[in-house]
Structure formats: structure tokens, C-alpha cells
Amino acid sequence: MGLKRWLVGRVTAWLNHETESQSDTPLCDFERLSVAIRPGDVLLVEGGTRVSNIIKTITHSSWTHSALYIGRLRDIEDPQLRARVKSYFSGDEDTQLLIEPLLGEGTLLNPLSKYRDCHLRICRPRGLTHQDTQQVLAAALVHLGGEYDFRQMLDLARFLLPFGILPRRWRSTLFNYHPGEQSKTVCSTMIAEAFAAVHYPVLPVVHREEDGRLKLYKRNPRLYTPSDFDYSPYFEIIKHPMFAEDDLALYRQLPWDQDGVVCNAKGDCYLPVSKTAEDKENEAKNDDLRLEQNLRRRV
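Residues numbered from 1 in each chain as written. Predicted model: local features only at pLDDT ≥ 70, side-chain atom pairs only at ≥ 80, totals over all residues. Heavy atoms only, no water.

Section: the overall build of the chain
- Helix and strand content of the chain: nine helices and 10 strands.
- Within the chain, buried positions represent 38% of all 299 residues.
- Considering only intrachain contacts with a sequence separation of at least 6, the fraction spanning at least 24 residues in the chain is 71%.
- Just so you have it, the chain exposes about 18,700 Å², and 54% of that area is on carbon and sulfur atoms. (Helix = DSSP H or I, 4+ residues; strand = E, 2+ residues; numbered from the N terminus. Buried < 20%, exposed > 50% of the residue type's maximum accessible area, 1.4 Å probe, protein only. Contact = heavy atoms within 4.5 Å. Areas by Shrake-Rupley, 256 points an atom, 1.4 Å probe, with all protein chains shown as cover.)

What to know about unusual backbone geometry
- Phi at H199 is positive, roughly 60°, even though this residue is not glycine.
- Its place among the elements puts H199 in the loop between helix 7 (187-196) and strand 6 (205-208).
- Relative accessible area serves as the criterion here: at 63%, H199 is assigned to the exposed category.

Let's talk about the packing of aromatic side chains
- For the coordinates displayed, the defined rule picks out five aromatic pairs.
- A ring pair is formed by F195 and Y200, whose centres lie 5.8 Å apart and whose planes are at 50°; its orientation type is tilted.
- Judged by centre distance (5.3 Å) and plane angle (85°), the ring pair of F195 and F235 falls under edge-to-face. Here F235 lies in strand 8 (residues 235-238) and F195 lies in helix 7, a separation of 40 residues in the sequence. By the burial criterion, F195 is buried, and F235 matches it.
- Clustering of aromatic rings is evident, with ring pairs tying together F195, Y200, Y224, F229 and F235. (Phe/Tyr/Trp six-rings, centres within 6.5 Å; stacked < 30°, edge-to-face > 60°.)

Thoughts on helix 7
- A large share of helix 7 lies buried, amounting to eight of its 10 residues.
- Taken together, the buried positions of helix 7 are occupied by C187, S188, T189, M190, I191, A192, A194 and F195.

With respect to the nonpolar core
- Formed by 31 residues in total, the largest nonpolar core has its most connected members in V42, L68, I70, I99, L141 and F195.
- Breaking this core down by element, the ones donating at least two residues are strand 1 (42-46), strand 2 (65-71), helix 4 (79-88), strand 3 (97-102), helix 5 (130-141) and helix 7.
- Every residue in contact with L68, bar those within four places of it in the chain, is listed here: G40, D41, V42, L97, L98, I99, V136, L137, A140, I191 and F195.
- Counting residues in hydrophobic clusters, the runner-up holds 15 residues, among them L33, L43, A67 and Y69. (Core = buried A, V, L, I, M, F, W, Y, C linked by side-chain atoms within 4.5 Å.)

Observations concerning the packing of helix 5 against helix 7
- Two elements in contact, helix 5 and helix 7, have axes whose closest approach is 8 Å; the angle formed by their N-to-C orientations is 135°. Classified by the angle their axes make, helix 5 and helix 7 are oblique. The element helix 5 and its partner helix 7 pack so that their crossing is right-handed. Judged by residue contacts, V136, A139 and A140 of helix 5 engage M190, A194 and F195 from helix 7.
- Class assignment for the residues of the contact of helix 5 with helix 7 results in six nonpolar, no polar and no charged. (Axes fitted to C-alpha atoms, helices over the stretch in contact; angles between N-to-C directions. Parallel < 35°, antiparallel > 145°, perpendicular 65-115°, else oblique. Left-handed = near helix turned anticlockwise from the far one by under 90°. Nonpolar A, V, L, I, M, F, W, Y, C, P; charged D, E, K, R; others polar.)

Focus: the pattern of salt bridges
- By the definition in use, this model includes 11 salt bridges.
- E46 is paired through a salt bridge with K56; the nearest N and O atoms lie 3.2 Å apart. Of this pair, E46 sits in strand 1 while K56 is found in helix 3 (residues 50-59), placing the two residues 10 residues apart along the sequence.
- The exposure class assigned to E46 is buried, which follows from its relative accessible area of 14%.
- Assessed through its relative accessible area of 18%, K56 is described here as buried.
- Bridged by salt links that share partners, the residues R72, R74 and D94 form one connected network. (Salt bridge = Lys/Arg side-chain N within 4 Å of Asp/Glu carboxyl O.)

Some remarks on the sheet that holds strand 8
- Sheet architecture is open: six strands sit in the order 4-3-2-1-5-8, paired in antiparallel fashion. With one partner strand each, in any of the chains shown, strand 4 (106-111) and strand 8 form the two edges of the open sheet. Adjacent strand axes in the sheet meet at a mean angle of 30° when their direction is disregarded.
- Sheet topology note: the strand 1/strand 2 ladder contains four bridges and is antiparallel. Of the residues in strand 2, the one forming a bridge with L44 is S66.
- Packed onto the sheet, helix 7 meets strand 1, strand 2, strand 3, strand 4, strand 5 (119-125) and strand 8 and runs at close to 45° relative to strand 2. (Pairing = 2+ DSSP bridges.)

A few points about a nonpolar patch on the surface
- Residues V206, L214, L216 and Y234 make up a contiguous nonpolar surface patch of about 380 Å² in total accessible area.
- Tracing the backbone through its elements, the reader meets V206 in strand 6. (Patch = residues over 30% accessible without salt bridge, like charges linked within 9 Å, V, L, I, M, F, W, Y side chains within 5 Å.)

Structural notes on helix 5
- Compared with the 16 Å implied by 1.5 Å per residue over 12 residues, the 17 Å span of helix 5 between its first and last C-alpha is a close match.
- Restricting attention to buried positions, one finds in helix 5 the residues T133, Q134, V136, L137, A140 and L141. Relative to the axis of helix 5, the buried residues are bounded by an arc of 155° and lie together on one face.
- Contacts made by the buried residues of helix 5 are with strand 2, helix 4, strand 3, strand 4 and helix 7. (Expected span 1.5 Å × (residues − 1). Arc of directions from axis to C-beta.)

If you want it as C-alpha cells, here you go:
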């Protein structure tokens, strides 16, 4: 067991290593987002760790992590739940809090400010009642202190690979029951299960009966990934870009580069070669020649 724990620890540390910094590429106005976010909202995060890059490749989405916003301590109405939160977070009672399962750390509470320099998006469940919001928070807070389900993450990766790459015996065990591991979870699974507790849909399986009526089935929560909350038609997408779109004609004031530099990605930029007057004249002549040839073909 000691060797297994050491090996998992080393792999976890390698996966959690930051491979790129996003602090100098702000894609979100965090101050506006922190004012707009409400308890029950799902926060999507674009991470820059090795495991984040793996998730991006597997899911074909930039969203690599999801967390559930529970609000400030006073936003939790149930006294027992409030006491449970206090037992796991000893900071300022006015701190905006998220509950999230993290690789190598388990399910814990973190301040919203942890993601100040990240690319973020709010997914808000449309029409979710206040009472059901409290139940969703309660269903998520039950997982506090639980372990991160490293095995499920590996299973999900195997499941999402194109069929036929891996032998059947190596395929996912996501549909199997694992006694003693029900307290373990990953970010999207925990959140999907919390919404399922009040029968709120994320991406349900829809089946049409013979009489034409539709029936919804709960989707296996172990199959959810962060991008599913972005794709769900039942969640409102709220963006707070660094440059507010509601400012009049702001696009005219954006700090565009004035030298004409074009970039494929950060650090991969070039200055296009300017065309000379002779090049432009030759292009015009070629255009005229092609036009004349087309006219002759029609005649």
C-alpha cells in the first residue's frame, strides 16, 4: 500500500504541474463575475496543468474543471449545513466559496478568488427555485472531505477514446458498482449528482415512446465532463469578458496592436510581408487577364 500511495502521489504531482500561465492573458472580468455569480451557479475553469491539457484533448473543449458556487456562509440557510461548512473553512465569513473535488486534494472548499486570473464562465440553472438551490448545495456539501476518484478519471478517459483502440477488457468500468468508493467523486460528477437530487436536467437521455411522447432518463453521472454544463440547454451561459460589451462602441477603443502583427498563438507571431506597388500592379494585371479569359470562354 505504501508503494501504491507513493506512486499515485508522484503521478498526481506530475499531472497537476502547471504547463502554461494565463495570468498575463486575462479573458474574464473577475470583479464583474464575482458580483454576478449566485449560489447554485456552476463555474467553468480553463486550467493550464498537464491534466487540464489531457482533458482538453479528450473532451475537445477548453473547459477542464467545474466547481459549484455555494456563496457566503450566510447564504446557507440550513444551520447544520452552515456548521458543516464552518468546520471545513475557517476563513472570513464573508468569503465567496466554491465546493470542488480536486486531484490530489479531495473535495474541499476554496475561495472564488482562487481563480481570479483564469478564464472563467458561469453556467446558471434556468428557473431553479430557491428551495431547490438549497437542496442542490446540501447534496454537494455531503461530499466535503471525500477523496478524489482518480480511478473514475482514468475510466472516463478510456471510455471517451474512439471505440476499437483499446481491447474490450480494458474498456471503462464506469458502469460497475465499486463498494466502499461511493464517497469518492470528481468535479462534474459531484455537481451532476447534486442537480439530479432535485430532478434538474443537465444533459438527460431522451427517449421517444411509441405513442410519440418523450421520456427523460437520468444520465450516468460518471459520464459528465465540465463542458456538458456549457452545452446543456437548461443552463444559461453568462460571460464577463475583460472588455465589457455593454460599453458604447468599446470595440473602437480596444488596445489592438498597431504594427500589423498577426499571431497563430501566444509567442507564435509574425509581421506579414508588405506588398510593393509593383506586386499590386501585377495582381491587378492578372485579375484583368483572368476576367478577359472568362469573357472569351463565354463567347
